[in-house]
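Okay, here's what each chain looks like letter by letter:
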Amino acid sequence: MRYSASWPKRVRTSMAAATLAAGTILQAAVELPAFFTENMVLQREKPVPVWGWAQAGEKITVSFGEQTASCLADARGKWTVNLKPMGASTEERKLSVTGDKDGEPIVLDNVVVGDVWICSGQSNMEWTVQNSANRDKEKAAAIYPLIRLVNFPHMVSDTPVEKASCGTWKICSPESAGGFTAVGYFFARKLHQELKVPIGLIGTNWGGTRVEPWTAPEGFRLVPELNRLADKVDATLPTTPEGKKAYLK
């Protein structure tokens, strides 16, 4: 950031201090995406990426069960570690993330391995158990500690968001089940009863939305009649030639 000499000294000093503080905060500690919380479910039988942010060049070590893997944060402070595929497990284990420049590890308790499903769409997916028929009976019977849900709030952005906010993973119980997506809950219950594995649900739904915001530009490119929609999306992204022209206007 450049400071103008015409700005009052107090403003210049305050902005410099704020900028320095922001830089310190961004570089101070190892950070995980918001949806990495206790009670989460990891996908079985697939490599499990664990990623986040830290100081550039910092060595990050991730431990889960018998696995330990390390990597170095890149010049932007981003890092990714891939855990090897694991079988389903109901054992409640700790996921630990440690940086060599930050002594305090991040420890997530009660992490299990099973199947993870994205519950996306409109109002039919957003509709909750609380609003469903026989809700009191269904909630009272919802004692499934190996079914967990994390919900993402409604948000709008013209560009992909790296650090989206969200809730924490909730264990299915009579107290929490009312806030579960109803379609997701009944789907998860059936799978859990038949497969006997933990089931994780990621709630990313928004009633009344159109299909276009849920479709990547690459999808529109596959249909000649929809290319104009891809062009429209590209025009909003600063990472595309079209978007750069729009931002320069």
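On a predicted model such as this, the values are computed, not experimentally measured, just so you know.

Student: With reference to specific residues and values, describe the pairing of strand E4 (residues 67–72).
Tutor: The two faces of the sheet receive side chains in turn, since in a regular strand these alternate between them. Covered by surrounding structure in E4 are Gln67, Ala69 and Cys71 only, the residues Thr68, Ser70 and Leu72 on the alternate face being uncovered. The pairing of strand E3 (residues 59–64) with E4 spans 6 bridges and is antiparallel. Looking across to E4, one finds that Thr61 is bridged to Ser70. Taking the residues that link successive antiparallel strands as the turn, the E3-E4 hairpin has 2 residues, and the phi of Gly65 there is positive, at about 60°.

Student: If you had to explain the packing of aromatic side chains to someone new, which residues and values would you point to?
Tutor: Overall, the coordinates contain 7 aromatic pairs when judged by the stated rule. Consider the rings of Phe35 and Phe152, whose centres lie 5.9 Å apart with planes at 50°: the pair is tilted. Separated by 117 residues along the polypeptide, Phe35 in the loop between helix H1 (9–28) and strand E1 (41–43) and Phe152 in the loop between strand E8 (144–151) and strand E9 (170–172) bring together distant segments of the chain. Classification of Phe152 by relative accessible area gives partly exposed; the value is 21%. Among the aromatic residues, ring-to-ring pairing joins Phe35, Phe36, Trp51 and Phe152 into one connected group. Stacked on the ring of Trp53, the Lys or Arg Lys163 has its end atom at 4.6 Å from the ring centre.

Conventions and cut-offs
Residues numbered from 1 in each chain as written. Predicted model: local features only at pLDDT ≥ 70, side-chain atom pairs only at ≥ 80, totals over all residues. Heavy atoms only, no water. Buried < 20%, exposed > 50% of the residue type's maximum accessible area, 1.4 Å probe, protein only. Helix = DSSP H or I, 4+ residues; strand = E, 2+ residues; numbered from the N terminus. Pairing = 2+ DSSP bridges. Phe/Tyr/Trp six-rings, centres within 6.5 Å; stacked < 30°, edge-to-face > 60°. Lys NZ or Arg CZ within 6 Å of the ring centre and 35° of its normal.

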